[in-house]
Amino acid sequence: DTEVTQTPKHLVMGMTNKKSLKCEQHMGHRAMYWYKQKAKKPPELMFVYSYEKLSINESVPSRFSPECPNSSLLNLHLHALQPEDSALYLCASSLPGGDPRGRESPTGAKNIQYFGAGTRLSVL
Amino acid sequence: AQKVTQAQTEISVVEKEDVTLDCVYETRDTTYYLFWYKQPPSGELVFLIRRNSFDEQNEISGRYSWNFQKSTSSFNFTITASQVVDSAVYFCALKRHSNYQLIWGAGTKLIIKP
């Protein structure tokens with residue numbers, strides 16, 4: 001089973017709203033990711049959590065706030081977003097690397113990112 | 001610098017034709033990993049294959065096959081006897097040994113007409 005579940009599937013919010021995106025996996029993966037994808041573009045990495053600790057923040061504006069409450073769950077809290085933040089937000093998970101930055105594991109466990117179906121976010 | 005180029009923006013073929021999607025990568029690393037993902041209109045990125053830089057053999061999985069040519073830094077993907085359900089955007093990606101980040105190509109939109 002390589003399932004990553006994201007909720008909600010669609011979200012419309014105003015610029016003053018606060019909302020949260022949720023991502024869940026039960027594959028025992030200890031690395032989880034948030035990506036943003038604009039139409040006709042590849043995904044852009046936003047955050048990486050490794051063993052529930054924030055490992056990578058790709059200079060994302062503070063109106064996006066990630067949270068990893070436990071090894072199966074990843075949230076993205078949204079506040080005061082702009083219309084240009086409208087996009088598909090994808091969550092992914094993988095076996096972790098050999099260190100917090102994601103170096104391939106010396107045990108040979110494969111770092112393959114498995115993605116959820118995404119949340120289509122529209123900011124009005 | 002690491003880079004992945006998918007020069008074909010869009011390919012359109014008739015069902016049952018064979019089609020090859022090109023992927024050319026740049027890296028100075030000796031150990032690296034290459035991936036193909038499929039993204040249907042629903043949005044989910046579906047993992048298809050991961051290839052290590054030190055693997056020698058090419059891969060075949062049903063109608064899908066992958067040709068890894070280290071000499072030309074290419075990792076091409078062929079679909080044999082294409083079907084309408086193969087219509088999607090296909091991304092090639094490169095991962096360094098040393099970190100989590102995937103370096104993505106721009107994607108190729110594949111349209112299979114009935």
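Scroll up to find the structure.
Cut-offs applied
Residues numbered from 1 in each chain as written. Chains lettered and ligands numbered in written order. Predicted model: local features only at pLDDT ≥ 70, side-chain atom pairs only at ≥ 80, totals over all residues. Heavy atoms only, no water. Helix = DSSP H or I, 4+ residues; strand = E, 2+ residues; numbered from the N terminus. Buried < 20%, exposed > 50% of the residue type's maximum accessible area, 1.4 Å probe, protein only. Pairing = 2+ DSSP bridges. Polar contact = N/O pair within 3.5 Å; in protein donor to acceptor, adjacent residues only side chain to side chain. Contact = heavy atoms within 4.5 Å. Salt bridge = Lys/Arg side-chain N within 4 Å of Asp/Glu carboxyl O.

Caption draft 1: Structural view of unusual backbone geometry. Here the amide bond leading from Thr7 of chain A into Pro8 of chain A is cis, since omega sits at -10°, within 30 degrees of zero. Positive phi is not limited to glycine here, since Ser73 of chain B has a value of about 50°. Mapped onto the elements of the fold, Ser73 of chain B is located in the loop between β8 (64-69) and β9 (74-79). Residue classification places Ser73 of chain B among the partly exposed positions, given a relative accessible area of 24%. Phi is positive for Ala81 of chain B, close to 50°, though the residue is something other than glycine. Within the fold, Ala81 of chain B resides in the loop between β9 and β10 (88-96).

Caption draft 2: Seen up close, the pairing of strand β11 (residues 119-123) of chain A. Residues and elements named next belong to chain A. Of the two faces of β11, the one lined by Thr119, Leu121 and Val123 is fully buried and the one lined by Arg120 and Ser122 carries no buried residue. Across four bridges, the pairing between strand β2 (residues 10-13) and β11 is parallel. Residue Met13 lies in a different strand from β11, and its bridge partner there is Val123.

Caption draft 3: Looking closely at the side chain of Ser94 of chain A. Residues and elements named next belong to chain A. If you trace the backbone, Ser94 turns up in strand β9 (residues 87-94). Taking the relative accessible area as the measure of exposure, Ser94 reaches 0% and is therefore buried. Here the side chain of Ser94 touches Tyr33 through a polar contact of 2.7 Å, side chain to side chain. Apart from residues lying up to four places away in sequence, Ser94 is in contact with His29, Arg30, Ala31, Tyr33, Asn111, Ile112 and Gln113.

Caption draft 4: Quick peek at the pattern of salt bridges. Residue and element names in this part refer to chain A. Inspection of the entire model under this criterion finds seven salt bridges over all chains. Of the charged contacts in the structure, one is a salt bridge between Lys36 and Asp85, with a shortest N-O distance of 4.0 Å. A residue pair is termed long-range when its members are at least 10 positions apart, and Lys36 in strand β4 (residues 31-37) and Asp85 in the loop between β8 (73-79) and β9 qualify at 49 residues. Note on accessibility: Lys36 and Asp85 belong to one class, buried.

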